[in-house]
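In case you want the letters, here they are:
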Amino acid sequence: MALQAILARVRAAEALAGRVVGSVHLIAVSKVQPDARVQDVLGQGHRLFGENYVQEAQAKWPGFRAAFEGVQVHMIGPLQTNKARQAVALFDAIHTLDRVSLAEKLARLAQARGTCPQVFVQVNTGSEPQKAGVLPEALDGFIADCRKMDLTLSGLMCIPPEGADAGPHFAMLARMAARNGLSGLSMGMSGDFEAAIAAGATHVRVGSAIFGARDYS
């Protein structure tokens, strides 16, 4: 499904939820996508993209930023602490803060640089042992610790368990964000972004429905 069709669904979902038009940001997930496909989406006027890997983003986005004004790139994949310095230079937002060591590193880098990307805390709403993210019962303390470091947080992010009803997870994330005074909600992907918008998502992440299937070979 093409970019314009996804954008139309986002705007329809905003309207159905009584949201302000344009209040939901569509992150076009461009990981492992050929440059030609990314350039096509850029040519259609889209400017917000998501990447999972620091090295791939380093190779891809400096050139596109030089060629197209207003590009923003968000880190939506797991971030190794030793890649944090590269990440803060590359990305406009990091959606996957999930541990104290990474928070400390980002805080130090922010203080040294005087600027910091937007930062979202990833929450493991399903308490899945194989998945990254702060556990729900530990979230309030984690946010308090980040704020003691003077690390400014923009919101929360989640990836609901595969095969589960995503709605309760989106509602849980919205409650946790409100309780902690955070306005950003990064939630919802190709199969469930309309439900996420109904629950208050500010950022939704859609990849292959925009670009076509990924080829990992």
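See above for the structure.
Conventions and cut-offs
Per chain, residue numbering runs from 1 following the sequence as it is written. With pLDDT at 70 or above as the cut-off, local features in this predicted model cover only qualifying residues; side-chain atom pairs require 80 or more to be listed or tallied, and sums for whole chains, interfaces and linings still use all residues. Values reported for side chains reflect all heavy atoms of the structure, with hydrogen atoms and water molecules removed beforehand. To qualify as a helix, a DSSP run of H or I must reach at least 4 residues; to qualify as a strand, a run of E must reach at least 2; elements of each kind are numbered from the N terminus. Here the radius of gyration uses the C-alpha set of atoms, whereas the globule reference equals 2.2 Å times the residue count to the power 0.38. Only protein chains enter the area calculation, which uses a 1.4 Å probe; residues under 20% of their type maximum are buried, those over 50% are exposed, and those in between are partly exposed. Only heavy atoms enter the contact rule, under which two residues are in contact if any of them lie within 4.5 Å. The accessible surface values rely on the Shrake-Rupley method and a 1.4 Å probe; as for residues, cover is taken only from the protein chains in view. Here Asp and Glu are counted as negative and Lys and Arg as positive; His is not counted, and neither are the chain ends. Taken as the charge location is NZ of Lys, CZ of Arg, CG of Asp or CD of Glu. Side-chain rings of Phe, Tyr and Trp (the six-membered ring for Trp) are treated as a pair once their centres are within 6.5 Å; stacked means planes under 30 degrees apart, edge-to-face means over 60, and tilted covers the remaining angles. Should DSSP find at least two bridges between two strands, the strands are regarded as paired. We call a crossover right-handed when, viewed with both strands directed away from the observer, the connection leading from the first strand over the helix to the second proceeds clockwise. The way it works is a 1 Å grid over only the protein atoms, where trapped points that fit a 1.4 Å probe form a cavity and open points with protein on both sides within 12 Å along at least five of seven lines form a pocket, and then any residue with an atom within 4 Å of a point lines it. Grid points are joined across faces, edges and corners, and a volume is the space filled by probe spheres set on the points. Three classes are used, and their members are as follows: Ala, Val, Leu, Ile, Met, Phe, Trp, Tyr, Cys and Pro are nonpolar, Asp, Glu, Lys and Arg are charged, and the others, Gly among them, are polar.

Asker: Teacher, can you tell me more about the overall build of the protein chain here?
Answerer: Summing up its helical and strand segments, the protein chain has 9 helices and 8 strands in all. Compactness check: the protein chain gives a C-alpha radius of gyration of 17 Å against a globular reference of 17 Å for 217 residues, within 12% of the reference. Overall, the protein chain is about 45 × 40 × 35 Å in size when its C-alpha atoms are taken along their principal axes. The buried share of the protein chain, taken over its 217 residues, is 49%. Across the protein chain, every contact between residues at least 6 apart in sequence was considered, and the portion connecting residues at least 24 apart equals 57%. A total of about 9800 Å² of accessible surface is found on the protein chain, and carbon and sulfur atoms cover 53% of it. Side-chain charges in the protein chain split into 21 positive and 19 negative, and the spacing between the mean points of these groups amounts to 4 Å.

Asker: Sorry if this is basic, but what is going on with the packing of aromatic side chains here?
Answerer: In total, this model carries 4 aromatic pairs according to the counting rule given. Between Phe-49 and Phe-211, the aromatic rings sit 6.4 Å apart at their centres with planes inclined by 40°, giving tilted as the arrangement. Linking Phe-49 in strand β2 (residues 48-51) with Phe-211 in helix α9 (residues 208-211), this pair joins segments that are 162 residues apart in sequence. Under the relative-accessibility criterion, Phe-49 is labelled buried at 0%. Look at Phe-211 and you get buried, because its relative accessible area is 7%. An aromatic cluster of at least three residues, connected via ring pairs, comprises Phe-49, Trp-61, Phe-64, Phe-68 and Phe-211.

Asker: Explain the pairing of strand β4 (residues 93-97) here, please?
Answerer: The side chains of a regular strand alternate between both faces of the sheet. β4 sits mainly inside the fold: 5 of its 5 residues count as buried. The pairing of strand β3 (residues 72-75) with β4 spans 2 bridges and is classified as parallel. For Met-75, the partnering residue across the bridge sits in β4 and is Ile-94. In the classification by handedness, the crossover that spans β3, the intervening helix α4 (residues 84-90) and the parallel β4 is right-handed. Summarising the sheet, β4 and strand β5 (residues 118-123) pair through 3 bridges and their orientation is parallel. Along β5, the bridge assignment pairs Ala-93 with Gln-118. Of the crossover connections in this fold, the one passing from β4 over helix α5 (residues 100-113) to the parallel β5 is right-handed.

Asker: Would you take a moment to explain the layout of surface pockets for this structure?
Answerer: A probe matching the size of a water molecule, rolled over the atoms, marks out where space remains unfilled. As a volume, the largest pocket reaches approximately 380 Å³. The class makeup of the residues in the lining of the largest pocket is 8 nonpolar, 7 polar and 4 charged. The computed volume of the second largest pocket comes to approximately 230 Å³. If you trace the second largest pocket, you find 14 residues lining it, with Val-24, His-25, Leu-26, His-46 and Leu-48 closest to the centre.

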